Amino acid sequence: MSHKLQIGEMQSSYLTDKDIWSCFNYIFSPKSKNSTTYKFVLIKSIIENLYNVNASLELSYDQLFSSFAKIYWNLVIHHDLNQINMIGKKSEVQHILLEAQAKQQIPNTLVFDKLSSELQLHIISKVKKRCKLNVMGAIYGDTNGTIYDFDNKKEFVKLNGSFYSFMQRFQRVLTYLTNYHLALFLEKFNEKGDTTKLLLKVENVSKRSSLDQFYSVLESFYNGKCFYCGKAIKKKDGVHVDHFIPWSFVQADQLWNLVLSCSSCNLSKSDKLADTDYLHALIDRNDHFLTISSFQLREDMQVYTANKLQQLYQYSIDNGYTDIWIPNKRIN
Ligand SMILES: [Zn+2]
């Protein structure tokens, strides 16, 4: 099957877990053509957007490739890592990013989310245009067209229902597996690049350097109080933007999963799930957010449902987040 396909329709509607494991085994095996890191980065981008799909399990290319561009930029520019299996050559997306960097004279230290929003959009649009041709059809071909539909004209991908449920149920192990294979590839094809602690870099490559933009949105709502313990947050304490479902699991930043917390709650909660009381409080807060017109326009809020958050909470437990946390003292 050609990887230059423009439209791919799903070949079967129901897939067993065994079918889907064999797809992943194939993608990660030497039988699959992995001359670049595209497939690994695409899987990471799908994982990152798992809860950004609409009710029909569709995801826009803009969302998918903004994750892709961010991950790629951080690998290529920030970590100076080659993405193709030929030393001395570069993948096409690598060229796009290096050109943008040279043109604007951007230092290597800048991670993607520190670029101006105008430049981010410009890069995302170029990356999307290139990946439409080379990337969407590749995994589609590897899996015999079973795990998603895609349409390069309408610019969306629609995930197969069984595949979606599989990704939710095995999200953590799939994240590990993808990061491992990406790090392995990078180690093999980077002689001079910064290959120390590769796995750690790959694990954190999606992470935003700052959640300030969310802080300014949440600030007025919390009135300076911690979501968990209810205490007024002192200045010296600092306000933390906390991922209610831990970032290490969700790998994404959506307003409906973010709260403001004091530093002691944030640090003691760390990578754990908060008690279900807080889940309900967050659902109530999000219901309130949906009544505010400026929030209704946000992409992340448009695909939010209470059911989605409840599912995510349950899947976190199923994926091993079984330590349930409560704050030391609660004021209200
Ligand atoms: Zn607190």
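Identification of the protein as HNH endonuclease from Heyndrickxia vini is taken from an unreviewed UniProt entry.

**Q** Residue-level account of the pattern of salt bridges, with values.
**A** Using the criterion set out here, one finds 10 salt bridges in the structure. Among the ionic pairs, K132 bridges to E155, the shortest N-O distance being 2.8 Å. Of this pair, K132 sits in helix α5 (residues 117-134) while E155 sits in the loop between β3 (148-151) and β4 (156-159), placing them 23 residues apart in sequence. Using a relative accessible area of 17% as the deciding quantity, one classes K132 as buried. Connected via shared salt-bridge partners are D62, K128, K132 and E155.

**Q** Can you explain the nonpolar core? Please cite residues and give values.
**A** Membership of the largest hydrophobic core comes to 102 residues, with the highest contact counts inside it found for L42, F68, I123, Y148, Y228 and F244. Ranked by residues supplied to this core, first place goes to helix α3 (residues 61-78) with 11 residues. Three or more residues apiece are contributed to this core by two domains, here domain 1 (7-204) and domain 2 (212-325). Each residue touching I123, except ones within four places of it in the same chain, is listed here: A69, W73, L97, A100, F112 and L115.

**Q** Can you lay out the layout of surface pockets for me, pointing to particular residues and giving the numbers?
**A** A volume near 940 Å³ is recorded for the largest pocket. Lining the largest pocket we find 30 residues, and of these S66, Q120, R208, Q213 and E299 sit closest to its centre. Going through the elements one at a time, α3, α5, α10 (212-222) and α15 (299-302) are the ones with two or more residues in the lining of the largest pocket. Taken together, the residues of the lining of the largest pocket break down into six nonpolar, 13 polar and 11 charged. Shared between two domains, the lining of the largest pocket holds at least three residues of each, these being domain 1 (7-204) and domain 2 (212-325). For the lining of the second largest pocket, the elements supplying multiple residues, two or more each, are α8 (171-188), α9 (198-204), β5 (239-243) and α11 (247-250).

**Q** Which residues make up the coordination of the zinc ion, and what values go with them?
**A** The coordination sphere of the zinc ion, as far as protein atoms go, consists of C226 (SG), C229 (SG), C262 (SG) and C265 (SG), spread over 2.3 to 2.4 Å. For the zinc ion, the four donor atoms in the first shell make angles of 104 to 113° at the metal, a pattern classed as tetrahedral. Going along the chain, you hit the donors of the zinc ion in the pattern C-x2-C-x32-C-x2-C. One end of the pair, C226, is in the loop between α10 and β5; the other, C262, is in strand β6 (residues 258-262), and 36 residues separate them in sequence.

**Q** Mind laying out the packing of helix α2 (residues 38-48) against α3, listing which residues take part and the relevant values?
**A** At a minimum axis distance of 9 Å, the contact between α2 and α3 shows a crossing angle of 125°. Here α2 lies oblique to α3, going by the angle between them. At the point where α2 passes α3, the crossing takes the right-handed sense. Along its contact with α2, which presents Y38, V41, L42, K44, S45, I46 and E48, the element α3 presents L64, F65, S67, F68, K70, I71, Y72 and L75. The residue inventory of the contact of α2 with α3, partitioned by class, reads 10 nonpolar, two polar and three charged.

**Q** Outline the packing of aromatic side chains, listing residues and values.
**A** Scanning the entire structure with this criterion turns up 30 aromatic pairs. Between F40 and F185, the ring centres sit 6.2 Å apart and the planes meet at 65°, which makes this aromatic pair edge-to-face. Remark: F185 occurs in helix α8 and F40 occurs in helix α2; sequence separation between them is 145 residues. The interplanar angle of 80° and the centroid separation of 5.3 Å between the aromatic rings of Y140 and F150 together place this pair among those described as edge-to-face. Taken together, the residues Y140 in helix α6 (residues 136-142) and F150 in strand β3 connect sequence positions 10 residues apart. Assigned by exposure class, Y140 and F150 land together as buried. An aromatic cluster of three or more residues is present, and its members are F221, Y222, F227, Y228, F244, Y278, F289, F295, Y313 and W325.

**Q** Could you give me a rundown of the sheet that holds β3, with the residues and numbers involved?
**A** Ordered by their spatial adjacency, four strands build an open sheet running β1-β3-β4-β2, and the pairing between neighbours is antiparallel. Looking at which strands have only one partner, the edges of the open sheet turn out to be β1 (7-8) and β2 (58-60). Two elements, β2 and β4, share three bridges in a ladder whose sense is antiparallel. Bridged to S60 within β4 is F156.

**Q** Outline empty space enclosed by the protein, listing residues and values.
**A** Applying the stated criterion across every chain yields a total of two cavities of 30 Å³ or more. In this structure, the largest cavity occupies an estimated 50 Å³ of space. For the largest cavity, the full set of lining residues is K44, I47, E48, T175, T178, N179, S206 and Q251. Secondary-structure elements contributing two or more residues to the lining of the largest cavity are α2 and α8. The space that makes up the second largest cavity amounts to roughly 40 Å³. Along the walls of the second largest cavity sit F24, I27, I43, I46, I139, I147, F163 and M167, which together make up its complete lining. Looking at the lining of the second largest cavity, the elements that each hand over two or more residues are α1 (17-27), α2 and α7 (161-169). The residue inventory of the lining of the second largest cavity, partitioned by class, reads eight nonpolar, no polar and no charged.

About the criteria used
- Residues numbered from 1 in each chain as written.
- Predicted model: local features only at pLDDT ≥ 70, side-chain atom pairs only at ≥ 80, totals over all residues.
- Heavy atoms only, no water.
- Salt bridge = Lys/Arg side-chain N within 4 Å of Asp/Glu carboxyl O.
- Helix = DSSP H or I, 4+ residues; strand = E, 2+ residues; numbered from the N terminus.
- Buried < 20%, exposed > 50% of the residue type's maximum accessible area, 1.4 Å probe, protein only.
- Core = buried A, V, L, I, M, F, W, Y, C linked by side-chain atoms within 4.5 Å.
- Domains from an automatic or database assignment.
- Contact = heavy atoms within 4.5 Å.
- 1 Å grid on protein atoms, 1.4 Å probe; cavity = no way out; pocket = protein on both sides within 12 Å on 5 of 7 lines; lining within 4 Å.
- Points joined across faces, edges and corners; volume = space filled by probe spheres on them.
- Nonpolar A, V, L, I, M, F, W, Y, C, P; charged D, E, K, R; others polar.
- Donors = N, O, S within 2.8 Å, 3.2 Å for Na, K, Ca; no water.
- Tetrahedral: all angles 85-135°; square planar, octahedral: opposite > 155°, others 65-115°.
- Axes fitted to C-alpha atoms, helices over the stretch in contact; angles between N-to-C directions.
- Parallel < 35°, antiparallel > 145°, perpendicular 65-115°, else oblique.
- Left-handed = near helix turned anticlockwise from the far one by under 90°.
- Phe/Tyr/Trp six-rings, centres within 6.5 Å; stacked < 30°, edge-to-face > 60°.
- Pairing = 2+ DSSP bridges.

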